[in-house]
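Observations on chain architecture
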Amino acid sequence: MSKSGFVPDNSNIKKSSGTPNLSVNYKQNVLFKRNDQNIAYQLTSTQLPAMLGGAFVDLYMTKGHMREPHWHPNAWELDVVVSGEVQVSILDPDTTSMHNYRIKEGEVVFIPMGWWHWIEPLSEEAHLHLFFNNDQFESTEGSDVLRLTPPIVFQKAYGVSANEVAEAVAPITDTVVLGPPNNHSFYQKSYLKDERDERIVVKINEKVVPAKDK
């Protein structure tokens, strides 16, 4: 069984085997593609077996799309903005508070292992480098949680209508990763035209904030 996760030395590299492969074109490994402007490339120990203990994602997004809510059960994440501006939102599980970080070129956000988070471009285009401390990092996607959890579970756990939940999540037929899907009617109506319902409010750190001020 091969090692994974944090490795404090080069014990995986054997002198008798010669110098291992230390270079690769990571753009041959697409993690997920919504379209040519919204795409993520991945580099792990699958592509570079000598690279134990870390992984890398090259992420491109445009305004109106987002890296969907998710968490990594076996790795922390460091988000580095190469160009553009984004908002990284993180839910602190210890204090149950949500934190929004607006960052641009030269700024970073650190996301502890297992924390719920998502990334939304604020500029027309955004480019990020994401680093992980596990060469085989895992992701649990919000779309999978919603579409694979039986609606009756939401009713039993939260007292909401199972039928209404089923209707609300019915358009989510697959893992999203970079959303929303191009054929999503709400995306066409609200995101491209930047229309917002000002009646919607969100609660940030115990303060109610209108959606337009998020």
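Notes on the structure follow. Everything numeric here is computed off the predicted structure, so don't read it as measured data.

Here we look at the environment of Phe131
- Tracing the backbone through its elements, the reader meets Phe131 in strand β10 (residues 125-132).
- Between the C-alpha atoms of Phe131 and Phe56, which are 75 residues apart in sequence, the distance is 4.7 Å.
- Look past the residues within four positions of Phe131 in its chain and what remains in contact with it is Ala55, Phe56, Trp76, Glu77, Leu78 and Val80.

With respect to the environment of Trp115
- Checked against the element boundaries, Trp115 lands in the loop between β8 (108-111) and β9 (116-121).
- As for Trp115 and Trp71, which are separated by 44 residues in sequence, their C-alpha atoms are 5.6 Å apart.
- Setting aside anything within four residues of it in sequence, one finds Trp115 in contact with His70, Trp71, Ile90, Leu91, Asp92, Pro93 and Asp94.

Observations regarding unusual backbone geometry
- Residue Gly179 is joined to Pro180 through a cis peptide bond whose omega torsion reads -5 degrees.
- Tracing the backbone shows Pro180 in the loop between β12 (178-179) and α4 (185-191).
- Although it is not a glycine, Thr96 adopts a positive phi angle of roughly 55 degrees.
- Structurally, Thr96 can be placed in the loop between β6 (85-92) and β7 (97-104).

So, the packing of helix α2 (residues 151-158) against helix α3 (residues 162-169)
- It is the contact of α2 with α3, at a shortest axis distance of 8 Å, that shows an interaxial angle of 130 degrees. As the angle between them shows, α2 and α3 are arranged oblique. The hand of the α2/α3 crossing is right-handed. In this structure, α2 contributes Pro151, Ile152, Phe154 and Gln155 to the contact, and α3 contributes Ala162, Val165 and Ala166.
- Among the residues forming the contact of α2 with α3, the class breakdown is six nonpolar, one polar and no charged.

Digging into the pattern of salt bridges
- Taken as a whole and judged by the stated rule, the model has four salt bridges.
- Note that Arg102 is salt-bridged to Glu85, the shortest N-O span being 3.5 Å. In this pair, Arg102 sits in strand β7 while Glu85 sits in strand β6, placing the two residues 17 residues apart along the sequence.
- The salt bridge partner of Arg147 is Asp144, with a shortest N-O separation of 3.0 Å. One end of the pair is Arg147 and the other is Asp144, both in helix α1 (residues 142-148) and three residues apart, which spans about a single turn.

So, the packing of aromatic side chains
- What the rule picks out here adds up to eight aromatic pairs.
- Judged by centre distance (6.3 Å) and plane angle (70 degrees), the rings of Tyr26 and Tyr41 are edge-to-face. Linking Tyr26 in the segment before β1 (30-35) with Tyr41 in strand β2 (residues 38-43), this pair joins segments that are 15 residues apart in sequence.
- For Tyr41, a relative accessible area of 13% corresponds to the buried category.

Remarks on the nonpolar core
- The biggest cluster of nonpolar side chains holds 23 residues, and the ones touching the most others in it are Leu59, Val86, Val88, Ile119 and Leu128.
- Looking at this core, the elements with two or more residues in it are β3 (55-62), β6, β8 and β10.

Cut-off values and rules
- Along each chain, the written sequence defines residue order, and numbers are assigned to residues from 1.
- For a predicted model such as this one, the threshold for reporting local features is a pLDDT of at least 70, and the threshold for listing and counting side-chain atom pairs is 80 or more; totals across whole chains, interfaces and linings nevertheless cover every residue.
- Note that water and hydrogens are dropped before the side-chain values are worked out from all heavy atoms of the structure.
- Comment: elements are numbered from the N terminus, with helices defined as DSSP H or I runs of at least four residues and strands as E runs of at least two.
- Any pair of residues with heavy atoms lying within 4.5 Å of one another is described as a contacting pair.
- Think of each axis as a best-fit line through the C-alpha atoms, taken over the contacting stretch in the case of a helix, with angles from 0 to 180 degrees between the N-to-C directions.
- Any angle that is under 35 degrees is reported as roughly parallel, and any over 145 degrees as roughly antiparallel; angles of 65 to 115 degrees are reported as roughly perpendicular and all others as oblique.
- In this scheme the crossing of two helices becomes right-handed for a clockwise turn of the near helix relative to the far one and left-handed for an anticlockwise turn of less than a right angle.
- Side-chain classes follow a simple rule in which Ala, Val, Leu, Ile, Met, Phe, Trp, Tyr, Cys and Pro form the nonpolar group, Asp, Glu, Lys and Arg form the charged group, and the remainder, Gly included, forms the polar group.
- The term salt bridge refers to a side-chain nitrogen of Lys or Arg lying within 4 Å of a carboxyl oxygen of Asp or Glu.
- The criterion for an aromatic pair is that two Phe, Tyr or Trp rings (for Trp, the six-membered ring) have centres within 6.5 Å, with stacked assigned to planes under 30 degrees apart, edge-to-face to planes over 60 apart and tilted to the rest.
- Throughout, exposure labels follow a simple rule: accessible area from a 1.4 Å probe, protein chains only, divided by the maximum for the residue type, with under 20% read as buried, over 50% as exposed, and the rest as partly exposed.
- The criterion is simple. A nonpolar core is a set of buried Ala, Val, Leu, Ile, Met, Phe, Trp, Tyr and Cys residues joined through side-chain atoms within 4.5 Å.

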